[in-house]
Amino acid sequence: MSPETTAPRSLAEALRARDDASLSALLRSRPDLITPVPTDLTQLATRAGTRASVVRALERLDRFTLQTAEALAVAREPATYDELLGLLAGDDADPAVTAAFPHALGTLRDQALLWGGDDRLRLVRTARELLAPAPQHPSPTGLGPTVGEATAGMSPGRIQEIVSTAGLSSTHDSVSAVTALSALFSDRNRMSALLDEAPAEAVEVLSRLVWGPPYGQVTAEPAAHLRWLIGRGLLLPTAPGTVVLPREVALHLRAGRAHRVTEPAAPPVEVSATRRPQAVDGAAAGQAYTTLATVEELLKDWHEGGPAVLRAGGLSVRDLKRTAVALDVSEPVAAFWVELAHAAGLVASDGETEERYAATPAYDAWLELPAAQRWARLASAWLAATRTAGLVGGRDAKDRTLSALGPGLDRSPAPEVRHRVLALLAELPEGAVPDTDSLLARLYWERPSRGTRPAPDDLRARLARWTLSEAELLGVTGRGALSAQGRALLGLPATAGGPAAEPSGPGDKLPAHRRHHPVTVPVPHSPAERTAAAARAAELLAPLLPEPLDHVLLQADLTAVAPGPLERPLADTLGVLADVESKGGATVYRFTPGSVRRALDAGRSASDLHAFLAAHSRTPVPQPLAYLIDDMARRHGHLRIGAASAYVRCDDEAVLNEILADKRSQEFGVRRIAPTVLVSGTDPATLLAGLRSMGFAPAAESAQGDVLISRAHAHRTPPRTAPEPVPDGPPVPDATLLGAAVRAIRAGDLASTAPRKDDPAAGRPGDGGLPRTSSAETLATMQAAVMTGEAVWIGYVNAEGAASQRVIAPIRVEGGFVTAYDHTADEVRTYPLHRVTGVAELADDQP
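Think of each chain on its own: its residues are numbered from 1, step by step along the sequence as written. A pLDDT threshold of at least 70 governs which residues receive local features in this predicted model, and a stricter bar of 80 or more applies before side-chain atom pairs are shown or counted, although totals over entire chains, interfaces and linings include all residues. Where side-chain values are given, they derive from all heavy atoms of the structure, hydrogens and water being excluded.

(A) Structural detail: the overall build of the chain. Along its length, the chain carries 34 helices and 23 strands. Of all 847 residues assigned to the chain, the portion counted as buried reaches 45%. Across the chain, the fraction of contacts at a sequence separation of at least 24, relative to all contacts at a separation of at least 6, is 66%. Surface exposure of the chain reaches about 41700 Å², of which carbon and sulfur atoms provide 55%. Strands are runs of DSSP state E lasting at least two residues, helices are runs of H or I lasting at least four, and both sets are numbered from the N terminus onward. Relative accessibility decides the category of a residue: with a 1.4 Å probe and only protein chains considered, values under 20% of the type maximum give buried, values over 50% give exposed, and everything between is partly exposed. The contact criterion used throughout is that any non-hydrogen atoms of two residues lie within 4.5 Å. A 1.4 Å probe and the Shrake-Rupley method give the accessible areas. Residues count as covered only by the protein chains that appear here.

Structure, rendered in structure tokens:
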């Protein structure tokens, strides 16, 4: 009989009846089942029922689908479609539950957590063990054991007493007595009549136990109303001093519902306020610019070598505080900026003996990118990172403090939560600000824990809150709403959320049709998709960023105001000549004797500084500033301490004169400091190569002597890669791998279930044992199969000792080897005959 006409007797048979698309969907949703690829469908079913795999699958169900599994765990086995629906919809047949039920049931079936037809629904045994009620782990439904389970150890005489007291006829055995009692408790009319006779105090006791926990304590001499309940089996003893409310009684009192509150639909994300989309994008762009400025300031602060690396890894508390002061932010925000730079590969440890943090060579390349592309790189790194800055300052499992850049900050669900939070924002109208509580409620419905409500320290809730604050810091959101560049970062068009809603006050809600049918937001998975999304985000952000300015406004109080971002050469020079007094939309620089001396120390003359200020100021140079520069220049240089990167020494002054006269030497900045000595600002290797290209034959001289060869101030680490995210379980297989895995599983299943002529149950799956034949029988059967072209079933043991069974079509037998088309591997292979344990012919009706 075909699988279509025969009810499956196991999960393996149910999987065997699926088509390839259904198997591929199962392996995609539960990638742990494909690592390694199962040999056949029986092994796939076994792996799908292991505890670790089932727990992982249950954790990824939405709230209503999980409630469906919980209800099935407390239903009789096997349950029918209508029985399970009744446990969820109750006696009043809630229409919302009835409408959502088929999808939930289909999800459990697709996930291989449920099998069987609608008349015989069975939960995978491991899932039932996890979700069924037990004293050690109560059911999430709050239900207790059935009458049969609660009376399993009770004496027959006591069971008969309960039956008689409940108004039922005595029976000849305990089994029929328990059946009669269960039927009474499951009959709505008879139970209502029985409870009508109950004392008011007894009804009050039942009401306290009905929604769980179902266990209660009684004394050795219980009160009259408790004796009334115990005598009729409405409370059954489970241990001395402990009674339990039977499941059938609880379901009657609950009007048939397994859960106190059934949640068939995802709760909507409410809108707390609505902003103009232009204002959102502008605010986000301003914060994006602040992000770039802050990261640059952080790396400038660590330009000559940053803080030391702790022995256990990470920044010390003192260094984090110092960094926070330098960036003028709080310590948690400073930790976020440090971790962001690390995630983008811009900062790392230098790996030296006295290990310190410093910028990487990638930072220099990053600085050369346009501003929008620099932001897109940071935002993409944040979106994919598993390192979680919000954990900094907390404690790990061993009560050790978690430090920025240190170990223990990876949380695998972080990227998925970030994507989901932003996707929920993208489902709202443009400019809509979500209500945080409703957003957290939606996330919990989509991925609930096995409790009724999220715990205060629930990781996903904390990750969601951190995502909202970090997205605002980064400029992915603006004024609480998702920006256009944020939508593009998710791979969405700028108007993915639908038309912008009219401005309204707090409490504005989505239309009804959007609440129940949210927009599906795809997540870019492949590197090419992520790169394209980042490029689109940068393209949208670029017009919103302010253009760099080439001027400042000098003021009489020895300050300069930069009304916007400055071009990099101007900002670098001004940063040497003046101190930053305040930052924001306009940066204020203050000139001091110390800052002017710093510029003179850098090699600038007074005339250079006057010319620089005159060229880049839209206002005249104030007289106090000119006096300050001239005064410091007069006192600067009475004592000279020089430095040179390279020098040229020669006893023949004519050769040095020739070098100075050659125009090609000007690019090396050589100058004479003594009749026989020239110095240059270039490094020795460059000067050596340059003089040789001019036709001279210089020789390199060591640093022994009185001349100091200075080193560059900028400190960089060796090339470093950005930290790899820690995956949350096995990666999702691609279409190619899925197709190959399904073919391999099908072929292996053919080999394991193909009926053999020598199988007593020919035409039905074999018992999985390997065939056993002598060497002569094996050779003769193989040679015959070559002549007839028929396939045979063999047992094979590889070089590692692993045994398997295969269906092959022999092509050639010679030299102790058989060459055959292997249906299991779907390719032609050669097998040593001495490794074949035996061979059997397939049944005649096999294709």
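(B) Highlighting the nonpolar core. Core analysis: the largest hydrophobic core is formed by 90 residues, its most contacted members being Leu27, Phe185, Leu234 and Leu235. Sort the elements by how many residues they give to this core and helix 5 (residues 63-74) lands first, with seven residues. In this structure, Leu235 is in contact with Val205, Leu206, Leu209, Leu226, Leu229, Ile230, Val243, Val244, Leu245 and Pro246, ignoring residues within four places of it in sequence. Nonpolar core, defined: a set of buried Ala, Val, Leu, Ile, Met, Phe, Trp, Tyr and Cys residues in which side-chain atoms within 4.5 Å join the residues together. In this structure, Ala359, Leu402, Trp466 and Ala488 belong to the second largest nonpolar core, which totals 75 residues.

(C) Representation of the packing of helix 27 (residues 568-577) against helix 28 (residues 593-601) within the structure. To obtain each axis, a line is fitted to C-alpha atoms, and for helices this fit is confined to the stretch in contact; angles are then taken between N-to-C directions over 0 to 180 degrees. At a minimum axis distance of 7 Å, the contact between helix 27 and helix 28 shows a crossing angle of 120 degrees. Considering their axes alone, helix 27 and helix 28 lie oblique with respect to each other. Along its contact with helix 27, which presents Gly575, Val576 and Leu577, the element helix 28 presents Ser595, Val596, Arg598 and Ala599. Classes in brief: Ala, Val, Leu, Ile, Met, Phe, Trp, Tyr, Cys and Pro nonpolar; Asp, Glu, Lys and Arg charged; the others, Gly included, polar. Per-class residue counts for the contact of helix 27 with helix 28 are four nonpolar, two polar and one charged. Each angle gets one of four labels, with under 35 degrees taken as roughly parallel, over 145 as roughly antiparallel, 65 to 115 as roughly perpendicular, and the rest as oblique.

(D) View of the confidence of the model for the chain. Confidence scores per residue from the predictor, reported as pLDDT, run from 0 to 100. The pLDDT averaged across the chain works out to 84; a share of 88% of its residues lies at or above 70. Counted against residues more than four places away or in other chains, residues 638-643, with its pLDDT under 50, gives zero contacts.

(E) Examining the pattern of salt bridges more closely. For salt bridges, the criterion is a side-chain nitrogen of Lys or Arg within 4 Å of an Asp or Glu carboxyl oxygen. One pass over the structure, following the stated rule, counts 30 salt bridges. Glu416 is the partner of Arg460 in a salt bridge, and the nearest nitrogen-oxygen pair spans 2.8 Å. Of this pair, Arg460 sits in helix 23 (residues 459-474) while Glu416 is found in helix 21 (residues 414-427), placing the two residues 44 residues apart along the sequence. Exposure remark for Arg460: the relative accessible area of 15% places this residue in the buried category. What makes Glu416 partly exposed here is its relative accessible area of 32%. Asp631 is paired through a salt bridge with Arg634; the nearest N and O atoms lie 3.3 Å apart. Highlighted residues: Asp631 and Arg634, both in helix 30 (residues 623-635), separated by three residues, approximately one helical turn. Classification of Arg634 by relative accessible area gives exposed; the value is 57%. Three or more residues joined by partner-sharing salt bridges are found here, namely Arg420, Glu427, Arg442 and Glu446.

(F) Expanded view of empty space enclosed by the protein. Here a cavity is any set of points on a 1 Å grid over the protein atoms alone where a 1.4 Å probe fits but cannot get out, and a pocket is any open set with protein on both sides within 12 Å along at least 5 of 7 lines; a residue lines the site when it has an atom within 4 Å of a point. Grid points are joined across faces, edges and corners, and a volume is the space filled by probe spheres set on the points. Per the counting criterion, the structure on display carries five cavities of 30 Å³ or more. Phe336, Glu339, Leu340, Ala343, Ala381, Trp382, Ala385, Arg387, Thr388, Ala389, Arg418 and Glu470 together form the lining of the largest cavity. For the lining of the largest cavity, the secondary-structure elements that each account for two or more residues are helix 18 (331-343) and helix 20 (371-384). Considering each element in turn, the lining of the largest cavity owes the most residues, four residues, to helix 18. In terms of residue class, the lining of the largest cavity is made up of seven nonpolar, one polar and four charged.

(G) Spatial organisation of the sheet that holds strand 5 (residues 242-244). For two strands to be treated as a pair, DSSP must find no fewer than two bridges joining them. A sheet is described by the order of its strands in space; here three strands give the open sequence 3-5-4, paired in antiparallel fashion. Pairing within the sheet leaves two strands with one partner each, and these edge strands are strand 3 (215-217) and strand 4 (236-239). Each neighbouring strand pair of the sheet contributes to a mean axis angle of 40 degrees, computed without reference to strand direction. Sheet topology places strand 3 next to strand 5; three bridges connect them, and they run antiparallel. Paired with Gln217 across the two strands is Thr242, which belongs to strand 5.

(H) Focus on the environment of Glu77. Take Glu77: it is sitting in the loop between helix 5 and helix 6 (81-89). C-alpha separation for the pair Glu77 and Leu121, spaced 44 residues apart in sequence, amounts to 7.5 Å. Beyond its immediate sequence surroundings of up to four residues, Glu77 is in contact with Arg122, Leu123 and Arg128.

(I) Quick look at the side chain of Asp319. Within the secondary structure, Asp319 sits in helix 17 (residues 317-327). Counting rule applied: Lys, Arg positive; Asp, Glu negative; His and chain ends not counted. An unpaired buried charge is present at Asp319: no salt bridge exists, and Arg322, the closest side chain of opposite charge, is 4.5 Å distant. What Asp319 contacts, discounting residues up to four positions off in sequence, is Pro307 and Ala308.

(J) Summary view of helix 2 (residues 20-29). Within helix 2 the residues assigned to the buried category are Leu23, Ser24, Leu26 and Leu27. Seen from one end, helix 2 has its buried residues packed into an arc of 160 degrees, which puts them on one side. Picture the helix axis, draw a direction to every C-beta atom, and the arc is the one those directions span.

(K) Inspection of the packing of aromatic side chains at higher detail. Only the six-membered ring of Trp is used, alongside the rings of Phe and Tyr, when aromatic pairs are assigned; centres must lie within 6.5 Å, and planes under 30 degrees apart are stacked while those over 60 apart are edge-to-face, with the rest tilted. The full count for this structure, using the stated rule, is five aromatic pairs. Considering the side-chain rings of Phe336 and Trp337, the 5.1 Å spacing of their centres and the 55 degrees angle between planes classify their relative orientation as tilted. On the basis of relative accessible area, Phe336 is assigned to the buried category, the value being 5%. The class for Trp337 is buried, based on a relative accessible area of 2%. Remark: a charge is flagged as sitting over a ring if the NZ atom of Lys or the CZ atom of Arg is within 6 Å of the ring centre and within 35 degrees of the ring normal. Above the ring of Trp366, the side-chain terminus of Arg374 is found at 5.4 Å from the ring centroid.

(L) Up close: the packing of helix 20 against helix 21. For the pair helix 20 and helix 21, interaxial distance at closest approach is 7 Å and the crossing angle is 115 degrees. One finds that helix 20 runs roughly perpendicular with respect to helix 21. Where helix 20 abuts helix 21, its residues Trp382, Leu383 and Ala384 lie against Pro415, Arg418, His419 and Leu422. For the contact of helix 20 with helix 21, the residue count by class is five nonpolar, one polar and one charged.

(M) Helix 29 (residues 606-616), seen in detail. Taken as a whole, helix 29 has its buried residues at Ala606, Leu609, Phe612 and Leu613. Projection of helix 29 onto a plane perpendicular to its axis shows the buried side chains occupying an angular sector of 125 degrees, all on one side. Across from the buried face of helix 29, at angles greater than 90 degrees, the exposed residues are Ala614 and Ala615. Buried residues along helix 29 sit in contact with strand 12 (553-555), helix 27, helix 28 and helix 30.

(N) Examining the sheet that holds strand 14 (residues 579-582) more closely. With antiparallel pairing, the four strands of this open sheet are ordered in space as 12-13-15-14. In the strand order of this sheet, the two ends are held by strand 12 and strand 14, each with one partner. Geometrically, the sheet is characterised by an average inter-axis angle of 30 degrees between neighbouring strands, direction not taken into account. Pairing between strand 12 and strand 13 (residues 559-562): three bridges, direction antiparallel. Pairing of Leu553 across the sheet is with Val561, part of strand 13.

(O) Inspection of the environment of Pro407 at higher detail. Examined against the element boundaries, Pro407 turns out to sit in the loop between helix 20 and helix 21. When the C-alpha positions of Pro407 and Ala312 are compared, they lie 8.0 Å apart, and in sequence the two are 95 residues distant.

(P) Focus on the pairing of strand 13. Burial of the side chains of strand 13 extends over both faces: Thr559 and Val561 are buried on one face and Ala560 and Ala562 on the other. Between strand 12 and the antiparallel strand that follows it, strand 13, lie three residues; Leu558 among them carries a positive phi value of about 65 degrees. Taken together, the four bridges between strand 13 and strand 15 (residues 587-590) define a ladder with antiparallel strand orientation. Directly across from Val561, in strand 15, lies its bridge partner Val588.

(Q) View of unusual backbone geometry. Residue Pro36 is bonded to the preceding Thr35 through a cis peptide linkage, with omega at -10 degrees. For Pro36, the position within the fold is in the loop between helix 2 and helix 3 (41-48). Of the consecutive residues Glu77 and Pro78, the connecting peptide bond is found in the cis state with omega at -5 degrees. Here Pro78 is to be found in the loop between helix 5 and helix 6. The phi angle at Ala255 is positive, at roughly 60 degrees, despite the residue not being glycine. Tracing the sequence through the fold places Ala255 in the loop between helix 15 (247-253) and strand 6 (271-274). The exposure class assigned to Ala255 is partly exposed, which follows from its relative accessible area of 35%.

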